[in-house]
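# Close look at the chain arrangement
Residue strings, one per chain:
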Amino acid sequence: HNLTINATDYTNHTNNSEFITVTIDNSYPSVSFLTPLHLQNRSRAINVTVVGIDTTTGIQALKVQNGTNGNWIPLALSAGTKNNGNWSALFDTISVSDGALALALNATDYAGNSNSSEFITIIIDNTNPKIFKYNGNVVTNATLRGKVIINVTANDTITGIQKLNFSITDAS
């Protein structure tokens, strides 16, 4: 929008040479998670990447909230522009408990419009699976000979067991 400023004094002298361009921005920035995905299993350090769009004035700040402790983690522009770009931060999941973790976004544009409407939940699992028993005995050291059938009980209470491998080596 163009703004023209006119000034007239008491003797009717007029000055209308001041022209100012102003941007009117009543729109909220648009944000969405690229990574991680909703209900995705994650562990250790993860990259949080968000797409942020504000075609009028651009995004001034974008941050993600750790739902466990409420801390806000600032995201940095990693690709594109402040008007349409990807914003990222590294988040170490070791600092939170295993289980569901809510993440929330907040984007603020240069006009002060703020959007906090995007939320996802991810599943944190930083605990290694445990093998409790084989052949009904608690795992310690075992001496086996001949033909042996091995029955194993394994457990991972957060994300489940994806794969269970057996390995037999000759310790002699």
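Residues numbered from 1 in each chain as written. Predicted model: local features only at pLDDT ≥ 70, side-chain atom pairs only at ≥ 80, totals over all residues. Heavy atoms only, no water.

### Some points on the nonpolar core
Here is the rule: Joining through side-chain atoms within 4.5 Å is the link that ties buried Ala, Val, Leu, Ile, Met, Phe, Trp, Tyr and Cys residues into a set, and such a set is a nonpolar core. Any residue under 20% of the maximum accessible area for its type is buried, any over 50% is exposed, and the rest in between are partly exposed; the area is computed with a 1.4 Å probe on protein chains only. Helical segments are the DSSP runs of H or I of at least four residues, strand segments are the runs of E of at least two, and each set is numbered from the N terminus.
Grouped together as the largest cluster of nonpolar side chains are 20 residues, with contacts concentrated most on F33, V48, V50, L62, L75 and L105. Elements supplying a minimum of two residues to this core: β3 (30-35), β5 (45-53), β6 (59-66), β9 (84-92), β10 (99-109) and β12 (119-124). Considering every element that reaches this core, the biggest residue donor is β10, with four residues.

### Things to note about a nonpolar patch on the surface
Put simply, the rule is: Note that patches include only residues with greater than 30% relative accessible area and no salt bridge, and the join distances are 9 Å for like charges and 5 Å for nonpolar side chains (Val, Leu, Ile, Met, Phe, Trp, Tyr). With residues, only the protein chains shown are counted as cover, and all accessible areas are computed by Shrake-Rupley using a 1.4 Å probe. The term salt bridge refers to a pairing of a side-chain nitrogen on Lys or Arg with a carboxyl oxygen on Asp or Glu at a separation within 4 Å.
On the surface, a nonpolar cluster with roughly 380 Å² of combined accessible area is contributed by L3, I5, I20, V22 and I24. Among the secondary structure elements, V22 is positioned in the loop between β2 (14-21) and β3. Relative accessible area serves as the criterion here: at 31%, V22 is assigned to the partly exposed category.

### Structural notes on the pairing of β10
We count it as follows: Pairing between strands is defined by DSSP: at least two bridges between them are needed.
The element β10 is largely enclosed, with a buried count of nine among its 11 residues. Note: β10 against β12, six bridges, orientation antiparallel. Looking across to β12, one finds that A104 is bridged to F119. Judged from the two bridges that link them, β10 and strand β11 (residues 114-115) form a sheet pairing that is antiparallel. Of the residues in β11, the one forming a bridge with A107 is N115. Linking β10 to β11, which pair antiparallel, is a turn of four residues; within it G112 sits at a positive phi near 95°.

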